[in-house]
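Listed here are the chains, written in short residue letters.
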Amino acid sequence: MGAKKNGERLRSIILYVVMALVALVFLIPLVWVVSTSFKPMDEIFTRVVHWIPRKPTLDHYRQAVTDYPLWTWMKNSFVVAGANILFAFVFFVMPAFALAVSEFKGKTVLVFLMMATLMIPRELSAIFSYKIIAKMGILDTTGAVVLPQLAESICVFLMYNFFKNVPREYLESCELDGGNKLVALVKIYLPLSGPSIAVMIILTFVNSWNNFFWPLLVTFTEKSRTLPVGLATIMTSYSESSAARQYGLLMAISLLASLPTMIVFLALQKQFIESVAASGVKG
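Thresholds, definitions, all that
- Counting from 1, residues in each chain are numbered in the order their sequence is written.
- Two thresholds apply to this predicted model, a pLDDT of at least 70 for residue-level local features and 80 or more for giving and counting side-chain atom pairs, whereas whole-chain, interface and lining totals are computed over all residues.
- No hydrogens and no water enter the side-chain calculation; it runs on all heavy atoms of the structure.
- A fitted line through C-alpha atoms represents every axis, and for helices the fit uses only the stretch in contact; the resulting angles, taken between N-to-C directions, go from 0 to 180 degrees.
- Only DSSP runs of H or I reaching four residues or more are called helices, and only runs of E reaching two or more are called strands; each is numbered from the N terminus.
- The cut-offs work like this: below 35 degrees is roughly parallel, past 145 is roughly antiparallel, 65 to 115 is roughly perpendicular, and the gaps in between are oblique.
- Residues are treated as being in contact if the distance between any of their heavy atoms lies within 4.5 Å.
- Residue polarity follows a fixed list, in which Ala, Val, Leu, Ile, Met, Phe, Trp, Tyr, Cys and Pro are nonpolar, Asp, Glu, Lys and Arg are charged, and the others, Gly among them, are polar.
- For each structure, a 1 Å grid was placed over the protein atoms alone; sets of points admitting a 1.4 Å probe that cannot get out are labelled cavities, open sets with protein on both sides within 12 Å along at least five of seven lines are labelled pockets, and lining residues have an atom within 4 Å of a point.
- Grid points are joined across faces, edges and corners, and a volume is the space filled by probe spheres set on the points.
- The aromatic pairing rule takes the rings of Phe, Tyr and Trp, using the six-membered ring of Trp, and pairs them if the centres are within 6.5 Å, calling planes under 30 degrees apart stacked, those over 60 edge-to-face and the rest tilted.
- The cut-offs for exposure are 20% and 50% of the maximum accessible area for each residue type, with area from a 1.4 Å probe on protein chains only; residues under the lower value are buried, those over the upper are exposed, and the others partly exposed.

Asker: Would you take a moment to explain the packing of helix H4 (residues 70-101) against helix H10 (residues 181-192) for this structure?
Answerer: Helix-helix packing: each pair is described by the crossing angle between the helix axes and the interaxial distance. Here H4 crosses H10 at 105°, and the two axes come no closer than 12 Å. Classified by the angle their axes make, H4 and H10 are roughly perpendicular. In this structure, H4 uses Val 93, Met 94, Phe 97 and Val 101 to contact H10, whose residues at the interface are Lys 181, Leu 182, Leu 185, Tyr 189 and Leu 190. Residue classes in the contact of H4 with H10 are distributed as eight nonpolar, no polar and one charged.

Asker: Honestly, the layout of surface pockets in this entry has me stumped. Any pointers?
Answerer: Within this model, the largest pocket holds a volume of roughly 640 Å³. Along the wall of the largest pocket there are 21 residues; nearest its centre are Arg 122, Ser 125, Pro 148, Ala 151 and Glu 152. In terms of residues, the lining of the largest pocket owes the most to one element, helix H6 (residues 126-136), which gives four residues. Tallied by class, residues from the lining of the largest pocket come to 13 nonpolar, six polar and two charged.

Asker: Sorry, what's going on with the packing of aromatic side chains here?
Answerer: Each aromatic ring pair is summarised here by two numbers: the centre-to-centre distance and the angle between the ring planes. Summed over all chains, the structure comprises nine aromatic pairs. When the ring of Phe 87 is compared with that of Phe 91, the centres are 6.1 Å apart and the planes differ by 70°; the resulting orientation is edge-to-face. One end of the pair is Phe 87 and the other is Phe 91, both in helix H4 and four residues apart, which spans about a single turn. For Phe 91, a relative accessible area of 39% translates into the label partly exposed. A centroid spacing of 5.7 Å and a plane angle of 75° characterise the contact between Phe 163 and Tyr 189, whose relative ring orientation is edge-to-face. Pair noted here: Phe 163 is in helix H8 (residues 154-163) and Tyr 189 is in helix H10, with a separation of 26 residues, a long-range link. There is no split in this pair, since Phe 163 and Tyr 189 are both buried.

Spelled out as structure tokens, the structure:
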């Protein structure tokens, strides 16, 4: 028994060491971004690599907020992400609930088509979406950025898979007590779907926050430009030569742009892990 316990302890130690090394490999780029954002220009272009800045400076952060409309870009990205999350409960949760609890002819085909849309790159539908937005007369507005993202089916599929695994007896009990399907959704299904909703919020926020291609097509001025598009304008405003690249500025802005997604994930990581664990148990 003692030898067996020692063997298990040794395997656990080896596993933790390997996991720590893998985590370190993934953390190295982040550490480099943070370090570079605080380095003065003369330290960035030295041949000797210094992971810790010798003369830390906030000049790159000051330049980011004074020379560029960074807060406007971030505000636009927050508005777009917030609108997507708000509308997700209508365009994602309710269709998923209807598919999960209702039986009708062609339901299997509809679910299959929904899954098939996940394999279609959004670039293929960009031309048609652009024409629709242009005919609606809402180009260069927040609505032009938000509307096409409401047609994403990944979150519908996510919530559908959760709702269909909820015991049918809950819905039947609600109906016997005089409640309808909407009451069952609000009072039974949504309280049970906390982890899945957390995953939906994370996916919706990250997809919206990092979306570059579509906002690039439909936004033309600073009043509606989102953060990824704004970052691209900064990168293209400098010469291609490495000496002229403002790496400290780009790292500072990249770090600021990454903070909201990190905060959202850290705030909902418990529910996210619960959802992944539950999915794993159900197989």
